[in-house]
Amino acid sequence: MLKGLVGLVTGGASGLGRATTEQLLKQGGSVVICDLPNSKGQELAKQLGKNVAFAPLDVTSEGDVKNALQTTVDKFGRLDVVVNCAGVATATRTYNFKKNQPFDLKSFQKTIEVNLIGTFNVIRLAVGLIGKNAPDADGQRGVIINTASIAAFDGQIGQAAYSASKAGVVGMTLPIARDLSKQGIRVVTIAPGWYTIIF
């Protein structure tokens with residue numbers, strides 16, 4: 001089903017992103033691993049073979065995303081699937097009464113910036129490339145798969161920032177899907193709970 005398709009995976013060098021990268025390859029696709037410059041993305045790309053490229057990427061940077069898309073075009077000529085796995089987790093209570101200290105606002109903002117705004121940044125730029133694909137027999141040109149979390153619906157103590165960021169991803173999924181439906185670009189979001197990945 002994925003044979004011949006080209007995917008771009010953010011956070012692709014570790015965790016869920018790496019597992020996604022490996023599964024896309026296993027199913028016959030090609031992948032651009034996008035992760036921070038200091039990640040193991042370059043090493044992983046070399047390890048996984050010729051159908052893989054690495055693009056250093058901070059999801060909050062417009063320039064980085066544009067460069068990653070150019071790498072995708074240069075290496076594979078097209079883009080069919082984007083899987084947004086990049087994210088950060090923050091575990092801090094709203095107020096620490098023992099230390100008489102509120103949640104650090106910059107930390108909250110950073111979580112929103114990476115998990116929510118970063119996801120949207122990748123989507124808004126990547127769909128321009130996906131939209132250039134010829135539609136298939138069903139009129140489809142490609143798909144965006146976002147990663148939220150069960151915390152979007154059932155946040156725990158200390159997850160105010162993380163839950164808010166993931167709830168934002170859930171909340172923007174339907175309007176973006178509606179925005180892009182006439183172009184044949186599907187948009188979906190998964191909301192994983194706890195999981196273990198073994199490499």
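Quick summary incoming for the structure in this document. (Residues numbered from 1 in each chain as written. Predicted model: local features only at pLDDT ≥ 70, side-chain atom pairs only at ≥ 80, totals over all residues. Heavy atoms only, no water.)

Structurally, the position occupied by Lys166 is in helix α5 (residues 160-180). According to the relative accessible area criterion, Lys166 is buried, its value standing at 4%. Remark: the alpha-carbon pair of Lys166 and Gly155, spanning 11 residues in sequence, is separated by 9.8 Å. Setting aside residues up to four positions removed in sequence, Lys166 forms contacts with Asn115, Thr147, Ala148, Ser149 and Ala152. (Helix = DSSP H or I, 4+ residues; strand = E, 2+ residues; numbered from the N terminus. Buried < 20%, exposed > 50% of the residue type's maximum accessible area, 1.4 Å probe, protein only. Contact = heavy atoms within 4.5 Å.)

This brings us to the sheet that holds strand β8 (residues 185-190). An order of β3-β2-β1-β4-β7-β8 is seen for the 6 strands of this open sheet, with the pairing classed as parallel. Of all strands in the sheet, those bounded by a partner on one side alone are β3 (52-56) and β8. On average, adjacent strands in this sheet sit at an angle of 15 degrees to one another, irrespective of strand direction. By the bridge criterion, 5 bridges tie strand β2 (residues 30-35) to β3 in an arrangement that is parallel. (Pairing = 2+ DSSP bridges. Axes fitted to C-alpha atoms, helices over the stretch in contact; angles between N-to-C directions.)

With the rule as written, the count across this model stands at 4 salt bridges. Residue Arg18 is joined to Glu22 by a salt bridge in which the shortest nitrogen-to-oxygen separation is 3.0 Å. Taken as a pair, Arg18 and Glu22 lie in helix α1 (residues 15-26) at a separation of 4 residues, close to a single helical turn. Classification of Glu22 as partly exposed rests on a relative accessible area of 27%. For Lys66, the salt bridge goes to Glu62, with nearest N and O atoms at 2.9 Å. In this pair, Lys66 and Glu62 are both assigned in helix α3 (residues 62-76), 4 residues apart and thus about one turn of the helix distant. Judged by relative accessible area, which is 36%, Glu62 ranks as partly exposed. Because the salt bridges share partners, they merge into one network encompassing Glu62, Lys66 and Arg124. (Salt bridge = Lys/Arg side-chain N within 4 Å of Asp/Glu carboxyl O.)

Turning our attention to unusual backbone geometry. Positive phi, normally seen in glycine, also occurs at Asn100, with a value near 55 degrees. Note on placement: Asn100 falls in the loop between β5 (95-96) and β6 (101-102).

Bridge count between strand β7 (residues 142-147) and β8: 6 bridges; the pairing is parallel. Looking at the pairing, Thr147 lines up with Ile190 of β8.

Once that is clear, we can look at the nonpolar core. Membership of the largest hydrophobic core comes to 33 residues, with the highest contact counts inside it found for Leu8, Cys34, Leu69, Leu79, Val82 and Ile144. Contributing elements (two or more residues each) for this core: β1 (6-10), β2, β3, α3, α4 (105-130), α5 and β8. With 10 residues, α4 is the single largest residue contributor to this core. Residues within four places of Leu79 in sequence aside, it is in contact with Val6, Gly7, Leu8, Leu69, Thr72, Ala126, Leu129, Ile130 and Asn133. With 14 residues, the next largest nonpolar core counts Leu24, Val81, Val83 and Val143 among its residues. (Core = buried A, V, L, I, M, F, W, Y, C linked by side-chain atoms within 4.5 Å.)

Moving on to the environment of Leu125. As for its position among the elements, Leu125 is in helix α4. As a C-alpha pair, Leu125 and Lys66 span 59 residues in sequence and 7.2 Å in three-dimensional space. Residue contacts for Leu125: discarding those within four places in its chain leaves Glu62, Val65, Lys66 and Leu69.

At a minimum axis separation of 10 Å, α3 and α4 run at an interaxial angle of 30 degrees. Crossing hand, α3 versus α4: right-handed. Packed against α3, whose contacting residues are Glu62, Val65, Lys66, Leu69 and Val73, the element α4 presents Asn121, Val122, Arg124, Leu125, Ala126 and Leu129 at the interface. In terms of residue class, the contact of α3 with α4 is built from 7 nonpolar, 1 polar and 3 charged. (Left-handed = near helix turned anticlockwise from the far one by under 90°. Nonpolar A, V, L, I, M, F, W, Y, C, P; charged D, E, K, R; others polar.)

On to the packing of α1 against helix α2 (residues 41-48), then. Running from amino to carboxyl end, α1 crosses α2 at an angle of 20 degrees, the nearest separation of the two axes being 12 Å. In terms of axis orientation, α1 runs roughly parallel to α2. Note that α1 runs across α2; the crossing there is right-handed. Only Leu44, Gln47 and Leu48 of α2 make contact with α1, whose side of the interface consists of Arg18, Thr21, Glu22 and Leu25. For the contact of α1 with α2, a count of residues per class yields 3 nonpolar, 2 polar and 2 charged. (Parallel < 35°, antiparallel > 145°, perpendicular 65-115°, else oblique.)

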